[in-house]
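# Secondary and tertiary structure notes
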Amino acid sequence: MVIDTPTKQPKARVIPNQPNVALVLGGGAFHGMAHVGVIKVLEDAGIPIELIVGTSAGSMVGAMYAAKPHIDSLLQLVESTTAKDVFDFSLFRSREGFVSGQRLQNYLKKNISVSEIENTIIPFVAVTTDIEKGRSVALKAGPIGPSVNASCAIPGIFEPVKMYGTTFVDGGVLDGVPVNIAKEYNPKLIIAVRIMEFDTVANLKNYKSVFERAYTVAAHNLSKENIKLADIVISPNLKGIPLMSSKDNEKMYKLGIKAAEAALPELKKLLKEKGIVLRK
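Residues numbered from 1 in each chain as written. Predicted model: local features only at pLDDT ≥ 70, side-chain atom pairs only at ≥ 80, totals over all residues. Heavy atoms only, no water.

### A closer look at the overall build of the chain
The condition is simple: Helix and strand assignments follow DSSP, with helices taken as H or I runs no shorter than four residues and strands as E runs no shorter than two, numbered in order from the N terminus. Residues count as neighbours in contact if any of their non-hydrogen atoms are within 4.5 Å of one another. To measure how exposed things are, a 1.4 Å probe is used in the Shrake-Rupley method; for residues, cover is taken only from the protein chains shown.
The secondary structure content of the chain amounts to nine helices and eight strands. Of the contacts formed within the chain by residues at least 6 apart in sequence, a portion of 76% connects residues at least 24 apart. Of the accessible surface of the chain, which amounts to about 12700 Å², a share of 53% is contributed by carbon and sulfur atoms.

Pasting the structure below:
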């Protein structure tokens with residue numbers, strides 16, 4: 001899909017060095033509903049999130065929350081969003097993917113109050129993969145819809161996003177939980193949310209399940225070392241829930257809440273040790 005964007009990336013906003021808390025939201029398609037539950041618990045606890053880095057599904061949730069940092073801005077994802085709202089699936093789309101990404105961009109345009117990444121209230125970074133150069137790219141400025149689309153463009157399903165003179169696909173291809181990107185800003189504390197916990201039991205019943213399994217295996221292995229850079233990792237137990245289905249939104253949201261609540265005592269201990277004050 002060719003998007004009318006400049007051939008060069010715009011100048012990024014200056015993100016303050018050493019923010020209090022960086023929130024890193026990993027990839028995992030519709031498992032991203034669990035991110036909403038985690039964010040609700042963090043917000044209710046007064047955790048001072050000053051940087052959000054997201055890849056794939058984490059990029060979509062992260063962009064929406066960074067633009068309007070209140071849980072109400074995300075609840076619609078859980079309550080009413082279906083696969084049809086973000087996937088314009090067609091077997092005749094193109095040779096590069098069955099989903100153009102235009103419906104996803106329209107959804108973001110409708111539900112995000114800013115059009116540029118650099119205008120979000122909380123500094124936000126969308127992580128994508130430059131498939132031509134074989135590297136992760138952190139998008140810190142530019143149109144928010146195409147950037148999030150680029151971060152979410154699962155190869156073989158979405159058409160790649162062509163902008164800035166190259167071709168982007170899902171950030172999870174190389175960076176499933178991009179703690180390394182957050183680390184560049186020297187945050188006092190990094191919270192990573194992993195929503196693709198590896199399940200050793202595989203149910204391979206059709207081409208879709210084989211694809212999802214391959215994606216999960218790759219993401220798991222790529223994130224094993226990177227995840228160690230986080231101060232704390234929250235991993236909702238989403239085993240057995242399909243990646244590409246919106247039927248379990250409420251269940252995943254509640255599992256995100258459960259995992260975050262379990263991590264909260266340790267998180268508050270770390271905040272205290274690092275001299276980070278909770279918001280009232």
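### Things to note about the pairing of strand β1 (residues 21-25)
Consecutive side chains along a regular strand alternate between the two faces of the sheet. As a reminder of what qualifies: When a residue's accessible area, from a 1.4 Å probe over protein chains only, is under 20% of the maximum for its type it is buried; when over 50% it is exposed; and in between it is partly exposed. Here is how to tell: hold the view so the strands point away, follow the path from the first strand over the helix to the second, and if it runs clockwise the crossover is right-handed. Paired strands, in this sense, are two strands between which DSSP finds at least two bridges.
Of all five residues in β1, five are buried, a share of seventy percent or more. Handedness of the crossover joining β1 and strand β2 (residues 49-55) through helix α1 (residues 33-45) is recorded here as right-handed. Of the pairings in the sheet, the one linking β1 to strand β7 (residues 189-193) comprises five bridges and is parallel in character. Bridge pairing links Ala22 to Ile190 in β7.

### What to know about helix α5 (residues 102-111)
Counted only if it meets this: An arc is given here, and it is the one of the directions from the helix axis to the C-beta atoms.
Of all the residues in α5, the buried ones are Leu104, Gln105, Tyr107 and Leu108. Mapping the buried residues of α5 onto a view down its axis gives an arc of 155°, with all of them on the same face. Exposed positions of α5 whose direction lies more than 90 degrees from the buried face are Lys109 and Lys110. Looking at the buried residues of α5, the elements they touch are α2 (57-67), α3 (72-80), α4 (83-86) and α6 (144-152).

### Description of the environment of Ser56
What counts, and what does not: Identification of polar contacts relies on pairs of N or O atoms within 3.5 Å, with a donor-acceptor requirement for protein atoms, meaning one able to donate a hydrogen and the other able to accept it, and with residues adjacent in sequence counted only if both atoms are side-chain atoms.
The topology assignment puts Ser56 in the loop between β2 and α2. A sequence separation of 94 residues divides Ser56 from Ala150, and the C-alpha atoms of the two residues are 8.2 Å apart. Within the local environment of Ser56, its side chain forms a polar contact with the side chain of Asp170, the two groups lying 3.3 Å apart.

### What to know about the packing of α1 against α3
Rules: Angles run from 0 to 180 degrees between N-to-C directions of axes, and those axes are lines fitted to C-alpha atoms, restricted for helices to the stretch in contact. Handedness of a crossing follows from how the near helix is turned relative to the far one, being left-handed for an anticlockwise turn of less than a right angle and right-handed for a clockwise one.
Here α1 crosses α3 at 145°, and the two axes come no closer than 10 Å. In the crossing of α1 with α3, the sense of the turn from one axis to the other is left-handed. Residue-level inspection shows Met33, Val36 and Ile39 of α1 in contact with α3, the latter providing Leu74, Leu75, Leu77 and Val78.

### Details of helix α9 (residues 249-273)
Going by this rule: A helix is expected to span 1.5 Å for every residue after the first. A residue's bend is given by the angle between axes fitted to the 7 residues ending at it and the 7 residues starting at it.
If you check α9, its first and last C-alpha atoms are 35 Å apart, about what 25 residues at 1.5 Å a residue would give, namely 36 Å. Helix geometry: α9 is bent most strongly at Leu264, by close to 45°, with proline Pro265 lying one to four residues after it. One or two positions beyond α9, positive phi appears at Gly275, with a value near 70°.

### Considerations on empty space enclosed by the protein
The line we're drawing: With a 1 Å grid laid over protein atoms only, a set of points is called a cavity when a 1.4 Å probe fits there but cannot get out and a pocket when it is open yet has protein on both sides within 12 Å along at least five of seven lines; lining residues have an atom within 4 Å of a point. Grid points are joined across faces, edges and corners, and a volume is the space filled by probe spheres set on the points. When residue character is reported, Ala, Val, Leu, Ile, Met, Phe, Trp, Tyr, Cys and Pro are called nonpolar, Asp, Glu, Lys and Arg charged, and the others, Gly included, polar.
Inspection of the entire model under this criterion finds two cavities of 30 Å³ or more. Taken as a whole, the largest cavity spans an internal volume of roughly 240 Å³. Lining the largest cavity are 16 residues, and of these Ala29, Phe30, Ala57, Met60 and Val86 lie nearest its centre. At three residues, the largest contribution of residues to the lining of the largest cavity is made by α2. Tallied by class, the residues present in the lining of the largest cavity amount to 13 nonpolar, three polar and no charged.

### Regarding the side chain of Thr128
If you trace the backbone, Thr128 turns up in strand β3 (residues 124-130). Taking relative accessible area as the criterion, Thr128 reaches 0% and is therefore assigned buried. Within polar-contact distance, the side chain of Thr128 engages the backbone oxygen of Ala150 at 2.9 Å. With residues up to four places along the chain from it excluded, the contact list for Thr128 reads Arg135, Ser136, Val137, Leu139, Ala150, Ser151, Phe168, Val169 and Gly171.

### Comments concerning the packing of aromatic side chains
Short version of the rule: Here a pair means two rings of Phe, Tyr or Trp (six-membered ring of Trp) with centres within 6.5 Å. Their orientation is stacked below 30 degrees between planes, edge-to-face above 60, and tilted elsewhere.
Scanning all chains against the criterion turns up one aromatic pair. On the numbers, 6.5 Å between centres and 75° between planes, the contact of Tyr164 with Phe168 is edge-to-face. With respect to class, Tyr164 is no different from Phe168; both count as buried.

### Examining the pattern of salt bridges
This is how it is decided: Salt bridges are counted wherever a side-chain nitrogen of Lys or Arg sits within 4 Å of a carboxyl oxygen of Asp or Glu.
For the structure on display, the rule yields five salt bridges. Note that Lys274 is salt-bridged to Asp231, the shortest N-O span being 3.8 Å. Here Lys274, found in the segment after α9, pairs with Asp231, found in the loop between α8 (207-226) and β8 (232-234); they are 43 residues apart in sequence, far enough to count as distant. Take Lys274: its relative accessible area is 34%, and that puts it in the partly exposed class. Where salt bridges share partners, they join Asp130, Lys133 and Arg135 into one cluster.

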